[in-house]
Structures are given as structure tokens and as C-alpha cells.
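Breakdown of the fold
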Amino acid sequence: MKLLKINPTDNVAVALEELSDGEMVNVDGAEITVLETVKAGHKLAISDIATGEAVTKYGHPIGTATVDISIGQTVHTHNLKTALDGVLEYTYNPSKKDAEKTSPTMFRGYRRKDGKTGIRNEVWIIPTVGCVNATAQKLEAEAKKLAKKHSSIDGVYSFCHPYGCSQLGDDHENTRRAITGLIDHPNAGAVLVLGLGCENNDVAGVKKLLGDFDPDRVKFLICQDCEDEVEAGIRAMSELIEFAGAFERENTPMSELVVGLKCGGSDGFSGITANPLAGAFADRLISEGGAIILTEVPEMFGAETILMDRCETSELFERTVAMINDFKNYYIKNGQNVYENPSPGNKAGGITTLEDKSLGCVQKGGSTNVMDVLGYCEPVRTRGLNLLTGPGNDLVSVSAMTASGAHLILFTTGLGTPFGAPAPTVKISSNTALYDKKRNWIDFDAGRLLTGVSMEVLRDELYEYVRALASGETVAKNETLGAREFTIFKTGITL
């Protein structure tokens, strides 16, 4: 098969390999002559499309034709434009699907004293302000030597960032929420919170926002209060390492997992292979009682009604509408085009408009009901599918999902990237060529869906991979590379 028509109502199909000018292809039993070269992942018109007419893919409009398009022509940025415009009003048209209930399988996790379970037993150093980043890195290097005597400690890591001072309002709150979410994360067996002393994101404020905490697990150090902050930090790290070293893995149901879903460097195959596979995984985890986080609000634009209609209640529908329109107003307030998307890499891979990208993107969320809508870095409190407020930027969004409690991230990609979140970040390629080329980056190949491997088989294979990853039987490629980024959503001025 050289051409894939995704939905019976579509008037374009996706080339599964490069098509040559004059080549004959078959769609719905009819022969079509290709009128110009069509790159793999790009779209071919399978019927005549008049100027101003909707171009349809995934069974939904992805924009309007800017000129008459003949059957057999390629459809891309030269003859298709977005139909999206401004802030919209929405109507709740419930189209809900309750998750199937199945018995949970088990993994081997670390049970914490607060009842949470981690999939890693790491010791983290988290600066309250960027001024102490270098000190955090020094402490990380020294503490790694101390941790070697504990086989149950999976690593020592500092998560530096440039914020924590000279911020006001919501911008300041974003930093505080991201940091406290990371402190609370169950993948950290112990945490050192490192402050300077004069920052507005001070240790006292962090403690207040954090609430009750275990002083054996979380320790605080204010550098300005110490004659030698490195020496004091090493003493604190030594105690934290001893505390974390006592944890051992134990049997835990997969229902306790929280998994974040993200796509980046998408191509024309992402919405056909990797994203639907992530959605199939999400449905299975939810059927066992697990939790899924879906974010990238700007990459819901154009497909948001699909998620809105799956909201469990009308109240959740209203909160989803507010999340979408608040993000659009954030763009407008800053004088930016709401629909400045896709990226150059997306376009090179065959994605033309934001609708095209979003309709592929939301498939990561599977097919079950939306059970909760979360603010930026707000902790997950409901099993099932959770929508999280956050931008499309890869580093910012995976950091936000980690701070909200994601044990790991499934990251689908058609172009590839080496980066990772503070949590294990599993790269799923949309095409086999990327998997073969970048095996040092990519963990799982969803491109096999195009070669006849069934969705059910690949879903179960991915599920078993995640179970093994959560149990510490394997590690994600970002962990091997040492690629762990913590990036906070910057929304306001800097004093």
C-alpha cells in the first residue's frame, strides 16, 4: 500500500512512500494518476477540491483550499490554509465512552511513606533560584560518590533553572508550583531544596506551599546562612542518601502509574502510527485504573471539541473551554498569532495547518472520558484522562507533566530528539526509518503499524515495555544519555 485514506469522508490521503509524477495509485478501488511528486507523509488530493472548500483528513476539516486543487495533486502549504480564527464559543455535545475495567497487572515500584509509589529511587537537588545552580551541580557531583554504596539508589540529580527571583504574579506562582511539584515527586526518594536567602521564591514560601512533608525525606539549605554551603550541603546529602538507600522495590499494581503523553518533531505519520499507539496504551492503562496526562493546549486548537465532548460532566466541559480560551487570550495579550503553528520541521514532515497537527496530536489521549482538568503543575488527583494546562514546547510541557506527578512520559516523534524530562522519557518513533537511524535516541518503533503489525500487538508490546521500565528492568534512552531537563513556563515580566 502506497497511499492511506484515514477516514471514509476524507478528500486527501497520506503518501506512505514518495510518489512520482505520473505514477498510478489505488484509492477505494479507483485508480488515480499522481500529477506531481508527493513526499512520504504528505497529502494527495483524492478528489477535486474547489477554492474555499474544506480539506478533510481524519474525518475533520484541516483548513480550506486557497486555489482549485485537482485530484492527484499534492496538498500542502502552497494551496491550503488554516480556517481557525480567534476565541470561540462552544456547545457541550456529550460523546462519552466509559473505560473498560480490567484487572491491573503488576510492576516493581518503591513505596513511599506518604503512600505514593515511585518507579525510580533517586536523590534530587532542587534550587529555589537560579543563583545557586552552580552550588547544586557541585553537590550533585560529590553526592554521586556517596550514593555508590547504595545499590537501591538509581542516581543523584540536580534540576537547575534560571528563575526564582525578580518574578511577580502568575509568573512567580508558576515557578513555585513547578518546584513544589518536583519536591513531591515519588521518583525522588529524598530531596535537598537549595535556597540562596534573598530570593522572592524563598525557602519559607516553598515550605508553606509544600504543606506537610517528611523532614527525613526533604531537607532545606539556605546558602547565605552557611559559612561553607558546599560542606553543609554534603552533610545534608549524606543524610538524604542514607534515608533513600533504605527503600527497596515491591510489587505494585499498574493502576498506580501516572503517565504523561507528549508529541514533538511530528511528521505526517505521527497521527497515523505513534499518536494512535499512545492512545491505545492510554486506554489500556485507564482500563486498569491508571492515570494519563495530556497537555500541549495550543496543539488542541482545531481539535478541542473532540476532547470537550468527551468530558465526564458539563462542569468539566466548562473548565476545558476556559483552559482553551485562556490560552488563546494569552497569545492575544502578547500580540501574537493564536495559530502560529506548525513548526518548519512539522511542515517538512507533511503537516500543513494547526488543525492537521492537532487532530493527530489529540489521538494520544485515547478514546475514554476526560475526568479532570488541571492548572499548570497541579497534581493529578483523579484516575483516567487528565487535561493539563501547559504550552506545546517540549521541555516546558514534559517538566509540567512531571511536576503534576507523571512517573514517566511517552514522547511520540517523527523527527527525533535526545532530550528528556526529570522523569524517564520514552521516545516512540512514527516511522521505522527514524528508529533505525537514531537508536541512541528512540526507545520504541511505532512505524511497524505501516508494515502490517496490528495495533493490539504493538499496544501490548509497548505496555510490557512500560511495565519493565517502571520496574527498573530497563531504562529509557534519555536516562542513558543523561538528558534530563527541568524547564519552567515563563509567562510574565522579569524585574
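Description of the structure in this document.

What counts, and where the lines are drawn
Residues numbered from 1 in each chain as written. Predicted model: local features only at pLDDT ≥ 70, side-chain atom pairs only at ≥ 80, totals over all residues. Heavy atoms only, no water. Axes fitted to C-alpha atoms, helices over the stretch in contact; angles between N-to-C directions. Helix = DSSP H or I, 4+ residues; strand = E, 2+ residues; numbered from the N terminus. Left-handed = near helix turned anticlockwise from the far one by under 90°. Contact = heavy atoms within 4.5 Å. Nonpolar A, V, L, I, M, F, W, Y, C, P; charged D, E, K, R; others polar. Expected span 1.5 Å × (residues − 1). Buried < 20%, exposed > 50% of the residue type's maximum accessible area, 1.4 Å probe, protein only. Right-handed = clockwise from strand over helix to strand, strands pointing away. Phe/Tyr/Trp six-rings, centres within 6.5 Å; stacked < 30°, edge-to-face > 60°. Arc of directions from axis to C-beta. Salt bridge = Lys/Arg side-chain N within 4 Å of Asp/Glu carboxyl O. Parallel < 35°, antiparallel > 145°, perpendicular 65-115°, else oblique. Pairing = 2+ DSSP bridges.

Remark: helix α2 (residues 169-183) packs on helix α3 (residues 203-210), axes separated minimally by 10 Å, with the N-to-C direction vectors making an angle of 65°. The handedness of the crossing between α2 and α3 comes out as right-handed. Mapping the contact onto sequence places Arg176, Arg177, Thr180 and Ile183 in α2 and Gly205, Val206, Leu209 and Leu210 in α3. For the contact of α2 with α3, the residue count by class is 4 nonpolar, 2 polar and 2 charged.

A rise of 1.5 Å per residue sets the reference length of α2, with its 15 residues, at 21 Å; its end C-alpha atoms lie 21 Å apart and thus fit the reference within 8%. In terms of burial, α2 is largely enclosed, as 11 of its 15 residues are buried. When we look at burial in α2, the residues that qualify are Asp171, His172, Asn174, Thr175, Arg176, Ala178, Ile179, Thr180, Gly181, Leu182 and Ile183. Tucked into the core, α2 has its buried residues touching β12 (122-127), β14 (188-195), α3, β15 (218-222) and α10 (394-403).

So, on to the pairing of strand β13 (residues 155-158). Residues Gly155 and Tyr157 of β13 are buried on one face, and the alternating residues Val156 and Ser158, pointing to the opposite face, are buried as well. Once you follow β12 into helix α1 (residues 133-147) and on to β13, the crossover reads as right-handed.

Evaluated as defined, the whole model comprises 13 aromatic pairs. Seen from their ring centres, Tyr92 and Phe317 are 4.9 Å apart, and the 20° between their planes marks the pair as stacked. Here the residue Tyr92 occupies a position in the loop between β9 (80-81) and β10 (106-111), and Phe317 occupies one in helix α7 (residues 314-333), the gap between them amounting to 225 residues. Between Phe281 and Tyr463, the aromatic rings sit 5.4 Å apart at their centres with planes inclined by 45°, giving tilted as the arrangement.

Before going further, it helps to examine α3. Helical geometry: 3.6 residues make up each α-helical turn, so side chains three or four residues apart lie on a common side. Along α3, the residues classified as buried are Val203, Gly205, Val206 and Leu210. Looking down the long axis of α3, one finds its buried residues gathered within 160° of arc, a one-sided arrangement. Turned more than 90 degrees from where α3 packs its buried face, Ala204 and Lys208 sit exposed. Of the surrounding secondary structure, the elements contacted by the buried residues of α3 are α2, β14 and β15. Looking at the residues trailing α3, positive phi occurs at Gly211, about 75°.

Looking now at the pattern of salt bridges. In this structure the tally under the stated criterion is 33 salt bridges. Put simply, Lys364 and Glu296 hold a salt bridge, and the shortest N to O gap is 3.2 Å. Of the two residues, Lys364 is situated in the loop between α9 (354-361) and β19 (370-374) and Glu296 in the loop between β18 (291-294) and α6 (304-308); the sequence distance between them amounts to 68 residues.

Right, let's get into the packing of helix α5 (residues 274-287) against helix α12 (residues 455-470). Where α5 contacts α12, the axes come no closer than 9 Å and their chain directions differ by 65°. Judged by the inter-axis angle, α5 sits roughly perpendicular to α12. In the crossing of α5 with α12, the sense of the turn from one axis to the other is right-handed. Every residue of α12 that contacts α5 at Pro276, Leu277, Ala280, Phe281, Arg284 and Leu285 is listed here: Met455, Leu458, Arg459, Asp460, Leu462, Tyr463 and Val466. Broken down by class, the residue content of the contact of α5 with α12 amounts to 10 nonpolar, no polar and 3 charged.

Quick look at the sheet that holds strand β8 (residues 74-75) now. Strand order in the open sheet formed by 4 strands is β1-β2-β5-β8, and the pairing between neighbours is antiparallel. Taken across any chain shown, the strands that pair with only one partner, and hence form the sheet edges, are β1 (3-4) and β8. In this structure, strand β5 (residues 43-45) lies alongside β8, joined through 2 bridges in antiparallel fashion. Within the sheet, the bridge partner assigned to Leu44 lies in β8 and is Thr74.

Before going further, it helps to spend a moment on the side chain of Thr368. In this fold, Thr368 is placed in the loop between α9 and β19. Classification of Thr368 as buried rests on a relative accessible area of 4%. Discounting residues that sit within four places of it in the chain, Thr368 has contacts with Lys97, Ala99, Asp283, Ile286, Arg310 and Leu385.

Take the sheet that holds β9 next. The strand order across the open sheet formed by 3 strands is β6-β7-β9, and the pairing between neighbours is antiparallel. Lying at the two open borders of the sheet, with one neighbouring strand each, are β6 (54-57) and β9. When β6 meets strand β7 (residues 60-65), the two strands line up antiparallel, connected through 3 bridges. Of the residues in β7, the one forming a bridge with Ala54 is Thr64. Against the sheet, α9 engages β6 and β7, with an angle of about 165° to β7.

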